[in-house]
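# Geometric and topological summary
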Amino acid sequence: MRHPRGRSRNLLITIVVAVLICVPTGIAIAGPPPPADPAVEQACSNRYDEESLGYQACLQAATESPPATTTLITAIDGYQPDTPPAASDDSTVVQYCDTGNGTYRTGAADCPRPITCTRQADTGKYQCLDPTGIPINPPGDICERSPAYVCTYTSSLTSEQLTAGQSAPLPTDLPSPPPAATTSQSAAPQPTSTAPTPDPTLTPTPAPTPTPTSTATPTDPVGQSVQQANALNMRIWLEGDLTAAWREGAASLAAAVKRLSAHAAQPGVIGVKFAHDLGLTGFPSTRAGAADLQRFLTDTIPALRAALPAGRNIVVDVAVPELGCGRNQTCIRAMRTKYPLLTVPELEKRLLGAVDAINVTGDLFLTDYQTWKITEQAARRNLWLELARLNWDTRGPALLGARDTSLVHNTDTSPLSAAAAKQKVTAVVDTPVQLARVNTVVLRTHRQTHDGDIWRILNADLHSNQLWEALRARRALGKIAVTFNPADVEKSIPEDLKIVAQIASTVYIFAQ
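Only a predicted model underlies this, so the values are computations on that prediction, with no experimental measurement involved. (Residues numbered from 1 in each chain as written. Predicted model: local features only at pLDDT ≥ 70, side-chain atom pairs only at ≥ 80, totals over all residues. Heavy atoms only, no water.)

The next subject is the overall build of the protein. Of the regular secondary structure elements, the protein holds 17 helices and 15 strands. Across the 512 residues that make up the protein, the buried fraction comes to 51%. Long-range pairs, those at least 24 residues apart, make up 71% of the contacts in the protein with a sequence separation of at least 6. (Helix = DSSP H or I, 4+ residues; strand = E, 2+ residues; numbered from the N terminus. Buried < 20%, exposed > 50% of the residue type's maximum accessible area, 1.4 Å probe, protein only. Contact = heavy atoms within 4.5 Å.)

Structure below.
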């Protein structure tokens, strides 16, 4: 028989537990997630396992703060950007700072991404520019609460729009940057110029040897392409991949580097790409493969630094499969296991500080994410949002670019309607530009023959299509690049490049 005092103690514990359950205490009690609309449920399941506490917390956060007038991603991630104050009526120039982690502050001192807003004499409104001179919205919610700003972008999206894969629409004709707020160089080259100045956001790499004189003749296909692109005032990268040459031995690598260096000495060339989707092919996903990859970088990067003319830069293409998972930990673990050379830690330790620019390919694993109920649109948003949080563009320093191969077709006429073309361009161009602050979106390709098929963005014979027109509407952004093979053109190098310049301010010219 138990002592009466024991029964009293048990009764007291029971009462206390009941009170804790029934009375709000600020402590989260595990239970079924609150009701949520399908858009919220889909977005949360894209980022978390549905059985996890993170999934429940995601639903709770979105339910308590319905994302009707803000982006669903902001609500789910659990933070709201700080709202910088609007400019006073008597200010001519106001500066804000995008800190890179979703918050903003006034002033541009020690800022990784300053935003400059200048009052226009003709309209009296403030026009804001990013560091490259591209017109953008002011930060925070200023567009919603102040008519004193030029707001060319839709500043917020509903949850339905975001889930449908929409993005803030871009203007078809962006205004020219005002003189008082332009940077040392406009992001889009001016048509009256005869020779482009290298992109100011690139970090010139001094060569230890004097600048060599180009031995490439302007009449060879690569030399002619460089000459024509330079006359069109396009920024020029040389498209190469030194992986195969490196595997053939030191002599083969030296010869390949020498050829690239000769072409890089021509006017208008700002850099060289030396690897295509680094680590994805050519290096087995093993410890031995990791060692080979590191030796490739250790041998190739110094060889390029020593041979390239002063001021030329080096860029590499990479894929980062885990970024498309968002916050879905099961997806992240699976992608890291399948692609061990392409994890964020592996790529950061090998590339940040070693190269001048990184182009992240955004369309290689889109169907893989469906295993975790992550749609193609959600995977693209996840990738660029997660990449923005990594801040590679300020930690390297590495100029950040996007790369995509999904806009090409292998028929004479593109099958896309105007609506479908607009949706594709929104996903491929607008999303990385808006979410990840990418400097360039590299589109592959103008024309390339592969396995008997001809792949292009245009229609045959350089005829336009709905996709091309959607890209032309973004030409003023100055952020589109197109790969170009001088040995595989539609009509001629001059004619083809003149058409490419309708949409692209940058060209990657195949040089191997």
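Past the structure itself, the notes keep going.
One pass over the structure, following the stated rule, counts 23 salt bridges. Among the salt bridges present, the one from E322 reaches R336, with a minimum N-O distance of 2.8 Å. Of this pair, E322 sits in the loop between β8 (313–318) and α11 (329–338) while R336 sits in helix α11, placing them 14 residues apart in sequence. Across the pair E386 and R327 runs a salt bridge, and its minimum N-O distance is 3.1 Å. In this pair, E386 sits in helix α13 (residues 376–390) while R327 sits in the loop between β8 and α11, placing the two residues 59 residues apart along the sequence. A residue is classified by how much of its surface remains accessible, and R327, at 25% relative accessible area, is partly exposed. (Salt bridge = Lys/Arg side-chain N within 4 Å of Asp/Glu carboxyl O.)

Here the focus is the nonpolar core. Counting 94 residues, the largest nonpolar core has F274, F296, I358, V360, W392 and L471 as the members making the most contacts within it. Look past the residues within four positions of I358 in its chain and what remains in contact with it is V315, V316, V318, L351, L352, W392, A398, L399, L400 and G401. Residues Y96, I115, Y126 and C128 belong to the second largest nonpolar core, which totals nine residues. (Core = buried A, V, L, I, M, F, W, Y, C linked by side-chain atoms within 4.5 Å.)

With that settled, consider the side chain of R380. Looking at the element boundaries, R380 is found in helix α13. Apart from the residues lying within four places of it in its own chain, the contact partners of R380 are G362, D363, L366, D404, S406, A427, V428 and T431.

Inspection of every chain in the model, using the stated rule, returns three disulfides. Put simply, C97 and C111 are joined by a disulfide, and their sulfur atoms are 2.1 Å apart. A torsion of 95° about the S-S bond marks the disulfide between C97 and C111 as right-handed. Taken together, the positions of C97 in strand β1 (residues 93–98) and C111 in the loop between β2 (104–106) and β3 (114–119) put the pair 14 residues apart, joining distant regions of the chain. Paired by a disulfide, C325 and C331 hold their sulfur atoms 1.9 Å apart. The sign of the S-S torsion, about -65°, decides the handedness of the disulfide formed by C325 and C331: left-handed. A single burial state applies to C325 and to C331, both of which are buried. (Disulfide = S-S within 2.5 Å.)

Turning our attention to the pairing of strand β9 (residues 357–361). Here β9 lies mainly inside the structure; five of its five residues are buried. Neither face of β9 is exposed, since A357, N359 and T361 on one face and I358 and V360 on the opposite face are all buried. Pairing of β8 with β9, which is carried by four bridges, proceeds in the parallel orientation. Paired with V315 across the bridge in β9 is A357. Relative to strand β10 (residues 399–404), β9 is paired through five bridges, and the arrangement is parallel. Paired with N359 across the strands is G401, a residue of β10. (Pairing = 2+ DSSP bridges.)

Pairing is parallel around the closed barrel formed by eight strands, whose spatial order is β6-β7-β8-β9-β10-β11-β14-β15. Strand-to-strand, the axes of this sheet are offset by a mean angle of 25°, without reference to chain direction. In this structure, strand β7 (residues 269–273) lies alongside β8, joined through three bridges in parallel fashion. Bridge pairing in β8 links G271 to N313. (Axes fitted to C-alpha atoms, helices over the stretch in contact; angles between N-to-C directions.)

Honestly, it's all geometry; don't read function into it.
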